[in-house]
Amino acid sequence: MLFGMRLKYMRNLDSLSLEENQNSEIPEASISVFSCGDLGNITHNSCASNNTTNNYLPSNNTSRSYYFDKGCRDRNRLLIFSSFLFVSILIISLGISIFFYPLAAKEADGSTSSASDKSTETRSARLQRLFARWPNQKPDLVLMLTGQMEAYIQKCGCSSPQKGGLDRRYNFLEWLKKDKGWEVLSLDLGDLSDPEKTKLNAQAKLKYRYSMKALQAMDYFAIGVGPNETRLPLSFALAEFTIQDEKAYPKVHFANILDNEKIYVGTDKPWLYDNDVYPGKNKINVGVVGIVGTEAKKQISEIDREMKFADQSGEVLKNSLKKITQKLKKEADVNVLLYEGSLEDAKKVAALFPQFSIILCRSNEAEPPHEPTKVEGTDTLILQVGKRGQNVGIVGIFRTIKQGKPALDFVYSVVAMTDDFETPEDKVVTQPVHKLLQQYADEVAANNYLKDFPKIPHQVQAQFANIKTEGGLVHFVGSDACKKCHFVEYNTWSNTKHAHAFEDLKNKAKNPSKRHLDGECIVCHSVGFEYQSGYDGSENTKHLINVGCENCHGPGSLHSDQPNNKRFYSALSPWKRDGKGELPSLEILKKLEKNPTAQDRDKLLTSSQETLMRNVGNICQKCHDVDNDPHYKFEVYWPKIVHGKGKR
């Protein structure tokens, strides 16, 4: 506890300037801690300084010896006394800390929860630090910026910690609005969907609808359009939510689409908006515009050739800003551009249109930069918030006075959607976004989308497409068929988590449930789901539940029928070269687990072993990817399932 208090104070010092450090008063509790630490140093230095007294001792050897021994005894006494004093002060300080900490913790997080609830205290402390560097006053308006969720509506839940999830975002937003009392305006860049991830278009449209409903539950004001929405296509996406309730927010912004009024007709309100104005409760008005940039236009044109764009996006932005000014009868206090384009192009827009206080543009990585990008000569903040809903960007807007005139200050933070924002189990049923996620899961199950998922040939099926056996064309046979010849390997497999992957998904995955009926989940919990003859949810393929031998080796019917055929056998180990190659020993993997340098790895591994590890690892990471399993390391995971010549 004592060291925790010291660390906390040192962190506070980090946030101050040097001048502030010199002028700041140190809290009493921190003084006591520093005094304890300094006392040890003083004691040690006092002993050391006693050596200098030898310079004043008599010069005769006898006297020198006497005084040296006496000095040592004195120093020893001083050391014992100092140590006793140090321990006594430490015990007293610990007692005071333990006694007063519950009160201090309660006062710090403003809660009435018990100090014995350690997890709550830890979470509360982390939440308090989120905006520790912000001005010590309530912001006049806060913007929550998101985008490029790419259909990741919830964390997969197969490992921890994982970031992301609309349910967590809702909880975070409620904390900002209710606990902190902030006014929040939520805006999204777009690319909410991703048919490529969902695979089945009907399910992708359903997921888009529920994603938009979740944003609606969070009072989102506007959302842009990305290439992924046009893959649905865009008219279908709009039909899932926007057209069903023309007055519903969030409004979809796409200012530089051509002939919007002619294309999307039949309703009183437009389907797409080129601008809108948010009238802030604290009288900070925000103008919002959304356009797609050069790269996005190119992508969209390849997806939907009938979609046309305005030739001059600059004119579109100029007209949108003009309309915002006309609506407000003055310029907006803050203008935000939802720009579906690259950072480099966003910089050009900022230089041409410094009227935009904030430009939210596309990210290439899931993890965003934690600082805004600025263009010289402008005050525009160019922000990126990453992908897959793992992080959100928070902009605090504060009224201030500069050079005697009213002005606005902006502060920016990136907040990760971590376990800190998980919904407590007793509140899941009433949490609005959790309700939507369960409704989505229920509809997916009711529609039995598993049977409609597209199937492609596995590479083994493609390689031996014309070969027939007694069982027909190349197909998956299930792990039980391997047991008769590979008993040792089968026994190893049956004692791993892979052998229970389907049951775990069915019985343990909750909030929402029924994920064993969702193709996006089942693909990593069954055999061959994405391939021809693989698991399809029917009784005929129930022998293919769980993660089995053929998830890595491929369909085994040919090898099962002709076990001595070398061509068939080699095809089931595609990571080898001509059927040759062995993975590193467990002893070497244990050394690799300690994160050796590149030079050490070169000494431990041959080039063929390095290649083999990478090839096998690529198969593992189809499911154990960075989003679903941030802990994955081949040298850690392979020993858990080692079989074959790797032994057990």
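In what follows, the structure referred to is the one given above.
In this text, all values refer to a predicted model and were calculated from it rather than measured experimentally.

Visitor: Can you explain helix α13 (residues 313–328)? Please cite residues and give values.
Guide: Spanning 16 residues, α13 covers 23 Å between terminal C-alpha atoms, matching the ideal 22 Å at 1.5 Å per step. Buried within α13 are the following residues: Ser313, Val316, Leu317, Ser320, Leu321 and Ile324. Seen end-on, α13 carries its buried residues on one side only, within an arc spanning 130 degrees. Exposed residues pointing more than 90 degrees away from the buried face of α13 are listed as Lys322 and Gln326. Against the buried residues of α13 lie β5 (276–279), β6 (285–292), α12 (294–303), β7 (334–340) and α14 (343–352).

Visitor: I'd like a description of the sheet that holds strand β8 (residues 358–360), backed by residues and values.
Guide: Taken together, the six strands give an open sheet; going across it, the order is β5-β6-β7-β8-β10-β9, and neighbouring strands pair in mixed fashion. This sheet does not close on itself; its edge strands, each paired only once, are β5 and β9 (373–374). Bridging between β8 and strand β10 (residues 381–383) involves three bridges; their strand directions are parallel. Looking at β10, one finds that Ile359 is bridged to Ile382. Where α12 meets the sheet, it contacts β6 and β7, and its direction lies at approximately 50 degrees from that of β6. On top of the sheet, α13 reaches β5, β6 and β7; it is set at about 160 degrees to β6, its chief contact.

Visitor: Before we move on, can you summarise the pattern of salt bridges with the specific residues and values?
Guide: Per the counting criterion, the structure on display carries 27 salt bridges. Measuring nitrogen to oxygen at the nearest pair gives 3.0 Å for the salt bridge that ties Glu240 to Arg209. With Glu240 in helix α10 (residues 234–240) and Arg209 in helix α8 (residues 201–217), this residue pair connects regions lying 31 residues apart in the sequence. In this structure, Lys347 and Glu344 form a salt bridge, with 3.3 Å as the shortest nitrogen-oxygen distance. With a gap of three residues between them, Lys347 and Glu344 both fall in helix α14, about one helical turn apart.

Visitor: Give a description of helix α17 (residues 487–494) that names residues and reports values.
Guide: Those residues of α17 lying buried are Tyr490, Thr492 and Trp493. Taken around the axis of α17, the buried residues stretch over an arc of 160 degrees, which confines them to a single face. Counted as exposed and oriented over 90 degrees from the buried face of α17: Phe487 and Val488. Where α17 is buried, its residues contact α26 (634–641).

Visitor: With reference to specific residues and values, describe the state of the cysteines.
Guide: Enumeration over the complete set of coordinates arrives at one disulfide. Through a disulfide, Cys524 is tied to Cys623; the S-S separation comes to 2.2 Å. Looking along the S-S bond of the Cys524-Cys623 disulfide, the torsion reads about -95 degrees, which is the left-handed sense. Residue Cys524 is found in the loop between α19 (519–522) and α20 (549–553), and its partner Cys623 is found in the loop between α25 (607–620) and α26; the two are separated by 99 residues along the sequence. On the accessibility criterion, Cys524 (21% relative accessible area) is partly exposed. With no disulfide of its own, Cys158 lies closest to Cys156 among cysteine sulfurs, the gap being 3.2 Å.

Visitor: So, the packing of helix α6 (residues 166–179) against α8: which residues are in play, and what are the values?
Guide: At a closest axis distance of 10 Å, the pairing of α6 and α8 adopts a crossing angle of 10 degrees. In terms of orientation, α6 and α8 fall into the roughly parallel class. Judged by residue contacts, Leu166, Arg169 and Tyr170 of α6 engage Ser211, Ala214, Leu215 and Ala217 from α8.

Visitor: Can you explain the packing of aromatic side chains? Please cite residues and give values.
Guide: Overall, the coordinates contain 18 aromatic pairs when judged by the stated rule. A ring pair is formed by Phe131 and Trp182, whose centres lie 5.1 Å apart and whose planes are at 65 degrees; its orientation type is edge-to-face. In this pair, Phe131 sits in the loop between α5 (118–130) and β1 (141–146) while Trp182 sits in the loop between α6 and β2 (184–188), placing the two residues 51 residues apart along the sequence. Measuring from ring centre to ring centre gives 5.9 Å for Phe502 and Tyr535, while their planes differ by 70 degrees; the resulting arrangement is edge-to-face. In this pair, Phe502 sits in helix α18 (residues 501–508) while Tyr535 sits in the loop between α19 and α20, placing the two residues 33 residues apart along the sequence. Residue class for Phe502 comes out buried when judged on its relative accessible area of 9%. The ring of Tyr152 has Lys197 sitting right over it, with the charged end atom 4.5 Å from the ring centre. The aromatic ring of Tyr637 is capped on one face by Lys640, whose charged end is 4.9 Å from the ring centroid.

Visitor: So what's going on with the sheet that holds strand β11 (residues 391–402)? Which residues, and what values?
Guide: With mixed pairing, the six strands of this open sheet are ordered in space as β4-β3-β2-β1-β11-β12. The open sheet has two free edges, formed respectively by β4 (251–253) and β12 (405–416), since each of these has just one partner strand. For this sheet, the mean angle separating the axes of adjacent strands, direction not counted, is 25 degrees. Note: β2 against strand β3 (residues 220–224), three bridges, orientation parallel. Bridge pairing in β3 places Asp188 opposite Ile223. Lying on the sheet, α6 is in contact with β1, β2, β3, β11 and β12; it crosses β2 at an angle near 155 degrees.

Parameters at a glance
Residues numbered from 1 in each chain as written. Predicted model: local features only at pLDDT ≥ 70, side-chain atom pairs only at ≥ 80, totals over all residues. Heavy atoms only, no water. Helix = DSSP H or I, 4+ residues; strand = E, 2+ residues; numbered from the N terminus. Expected span 1.5 Å × (residues − 1). Buried < 20%, exposed > 50% of the residue type's maximum accessible area, 1.4 Å probe, protein only. Arc of directions from axis to C-beta. Contact = heavy atoms within 4.5 Å. Pairing = 2+ DSSP bridges. Axes fitted to C-alpha atoms, helices over the stretch in contact; angles between N-to-C directions. Salt bridge = Lys/Arg side-chain N within 4 Å of Asp/Glu carboxyl O. Disulfide = S-S within 2.5 Å. Parallel < 35°, antiparallel > 145°, perpendicular 65-115°, else oblique. Phe/Tyr/Trp six-rings, centres within 6.5 Å; stacked < 30°, edge-to-face > 60°. Lys NZ or Arg CZ within 6 Å of the ring centre and 35° of its normal.

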